[in-house]
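In case you want the letters, here they are:
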Amino acid sequence: MLMNVSAQNPSDKYVLVIHGGAGTILKTNMTPEREAAYRTALEQALMAGYRALKDGGSAIDAVEKAICVMEDSPLFNAGKGSVFTNDGRNEMDASVMNGADKAAGAVAGITVVKNPIRAARAVMEKSGHVMLAGTGAESFARSVGLEIVSPEYFYTEDRWNGLQRVLREDSLRTRLDHDEQKAGKGPFPDAKFGTVGAVALDSRGNLAAGTSTGGMTNKRFGRIGDSPIIGAGNYADSTVAVSCTGWGEHFIRNAVAFRVAAQMEFGGLSLKEAAERALAAVTATGGDGGLIAIDKSGNIAMPFTTAGMYRACITADGRISIQFYKD
Ligand code: ASP
């Protein structure tokens, strides 16, 4: 979907786009109650970011506020509601990037910071580094006064059951068909992702992007996905801001978020073409997923290759659009 908001006054051109993950999101699997719950959560996230933009806040402020709402909601695979690792833990990754000066911050494999996106922003603004991981990242988050919770805070029954299902399917698969994984199913049979992300253009024309995730169900060995990797799952410069969701290994291999920016800068592609070609690269290596992006004129792209993607946007006039499925 592409939307043009460039008809508005330059100072009124602020826009916020969010996603709540791509995956097997089908109308046939949804109840009206569940659909309403997602709609409400996405709307609350949009409004939190929109208020910041309307009050003259920066794109980074809007991104952080919108993502915090989704991290606090058990519906999404980020913060509370994160998926479980193979050994039954919640290990979270997040990143932010500010387009104007290409400042960036990321955390990987953290387990006790309530809002990983805040930790990513703090890394960007206060650490002198770009990416911190594990217990070091947690000590840093403590030292800058971020809210720390016990690992149990992140538990949800849904995600726990999701892990048990994957573990069962995984052992069945290993016993019945060794080749199925090689044939493209990958190490993560639960194809439903659910990472969250936001991209914003503020009233000063600055762009920012943020992404936060629990990663992929059943991940092992300290696996880190694309979400905290600048240029893979998240990127912003003065032309475009991008946040991705999907099978992270393929987003890393294809440098997807940077690929969108590079194709615009070096190839002269429009936002829509650049976003679609970046996802085509993911498909070509056998991955799937989606992304959201805004360019400096306020054009929006939200392509995905999965059955659906939770996605929503709000323009300066307060107009909201929320979509889940292909059409
Ligand atoms: N991209 C995330 C990861 O691989 C998963 C997702 O988008 O839900 O960690």
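Preceding this section is the structure that the text describes.
About the thresholds
- Residues numbered from 1 in each chain as written.
- Predicted model: local features only at pLDDT ≥ 70, side-chain atom pairs only at ≥ 80, totals over all residues.
- Heavy atoms only, no water.
- Helix = DSSP H or I, 4+ residues; strand = E, 2+ residues; numbered from the N terminus.
- Buried < 20%, exposed > 50% of the residue type's maximum accessible area, 1.4 Å probe, protein only.
- Contact = heavy atoms within 4.5 Å.
- Core = buried A, V, L, I, M, F, W, Y, C linked by side-chain atoms within 4.5 Å.
- Phe/Tyr/Trp six-rings, centres within 6.5 Å; stacked < 30°, edge-to-face > 60°.
- Lys NZ or Arg CZ within 6 Å of the ring centre and 35° of its normal.
- Axes fitted to C-alpha atoms, helices over the stretch in contact; angles between N-to-C directions.
- Parallel < 35°, antiparallel > 145°, perpendicular 65-115°, else oblique.
- Left-handed = near helix turned anticlockwise from the far one by under 90°.
- Nonpolar A, V, L, I, M, F, W, Y, C, P; charged D, E, K, R; others polar.
- Expected span 1.5 Å × (residues − 1).
- Arc of directions from axis to C-beta.
- Near = heavy atom within 4 Å.
- Polar contact = N/O pair within 3.5 Å; in protein donor to acceptor, adjacent residues only side chain to side chain.
- Areas by Shrake-Rupley, 256 points an atom, 1.4 Å probe, with all protein chains shown as cover.

Colleague: Looking at this model, I keep getting lost on the overall build of the protein chain. Mind explaining?
Modeller: When its secondary structure is counted, the protein chain shows 9 helices and 13 strands. A total of 327 residues make up the protein chain; the buried ones form 58% of that total. If you take every contact in the protein chain between residues at least 6 apart in sequence, the share linking residues at least 24 apart comes to 70%.

Colleague: What should I look at first to understand the nonpolar core in this one?
Modeller: Of all hydrophobic cores here, the largest spans 53 residues; its most connected members are Leu16, Ile18, Leu42, Met70, Phe76 and Phe324. It is helix α2 (residues 59-72) that provides the largest number of residues to this core, a total of 8 residues. Residues in contact with Leu42, not counting those within four places in the same chain, are Ile18, Met70, Phe76, Tyr310, Ala312, Ile322 and Phe324. In this structure, Val15, Tyr235, Leu279 and Cys313 belong to the second largest nonpolar core, which totals 38 residues.

Colleague: Any chance you could explain the packing of aromatic side chains here in plain terms?
Modeller: To describe a pair of aromatic rings, you give the distance between the ring centres and the angle between the ring planes. Throughout the structure, instances matching the rule amount to 12 aromatic pairs. Ring centres 5.5 Å apart and planes at 80 degrees place the aromatic pair Tyr38 and Phe76 in the edge-to-face group. Placement of the pair is Tyr38 in helix α1 (residues 32-54) and Phe76 in the loop between α2 and β3 (92-98), with a sequence separation of 38 residues. You can call Tyr38 buried: its relative accessible area is 0%. An angle of 80 degrees between the planes, with centres 5.0 Å apart, marks the rings of Tyr153 and Phe154 as edge-to-face. Residue Phe154 is classed as buried on the basis of its relative accessible area of 0%. Through a chain of ring-to-ring contacts, the aromatic side chains of Tyr38, Phe76, Tyr310, Phe324 and Tyr325 assemble into a single cluster. Here the guanidinium or amino end of Arg39 rests over the ring plane of Phe324, the centre of that ring lying 5.2 Å away. Here the guanidinium or amino end of Lys80 rests over the ring plane of Tyr153, the centre of that ring lying 5.2 Å away.

Colleague: Hey, could you run me through the packing of α1 against α2 in this one?
Modeller: As a packed pair, α1 and α2 sit with axes 8 Å apart at the nearest point and diverge in direction by 155 degrees. Relative to α2, the element α1 lies roughly antiparallel. For the element pair α1 and α2, the recorded crossing hand is right-handed. Where α1 approaches α2, its residues Ala41, Leu42, Gln44, Ala45, Ala48, Gly49, Ala52 and Leu53 are matched on the opposing element by Ala59, Asp61, Ala62, Lys65, Ala66, Val69 and Met70. A breakdown of the residues in the contact of α1 with α2 according to their chemical character gives 11 nonpolar, 2 polar and 2 charged.

Colleague: In this structure, what is going on with helix α9 (residues 271-284)? I would like to understand it.
Modeller: In an α-helix, one turn spans 3.6 residues; hence positions three or four apart end up facing the same way. Under the 1.5 Å per step criterion, the end-to-end length of α9 is 20 Å for 14 residues, consistent within 8% with the ideal 20 Å. The complete set of buried residues in α9 reads Leu271, Ala274, Ala275, Ala278, Leu279, Ala281 and Val282. Within α9, the buried residues cover an arc of 145 degrees as seen down the axis, which keeps them to one side. Positive backbone phi, approximately 95 degrees, marks Gly286, located one or two places after α9.

Colleague: I'm lost on unusual backbone geometry in this one. Help?
Modeller: Trans peptide bonds make up the majority, and among non-glycine residues the majority have a negative phi. At Phe221, a residue that is not glycine, the phi angle is positive and equals roughly 55 degrees. Relative to the helices and strands, Phe221 is located in the loop between β7 (207-213) and β8 (234-236). When its relative accessible area of 82% is taken as the criterion, Phe221 is described as exposed. Look at Ala255: it is not a glycine, yet its phi comes out positive at around 40 degrees. Considering the arrangement of structural elements, one finds Ala255 in the loop between α7 (248-253) and α8 (256-265).

Colleague: Help me understand the site of the ligand in this model?
Modeller: All residues adjacent to the ligand are Phe193, Gly194, Thr195, Gly215, Met216, Arg223, Gly225, Asp226, Ser227, Thr245, Gly246 and Gly248. Measuring from an oxygen atom of the ligand, one finds a backbone N or O atom of Gly248 at 3.0 Å. Considered on its own, the ligand offers 270 Å² of accessible surface; in the complex 100% of this is hidden by protein. Taken together, the residues of the shell around the ligand break down into 2 nonpolar, 8 polar and 2 charged.

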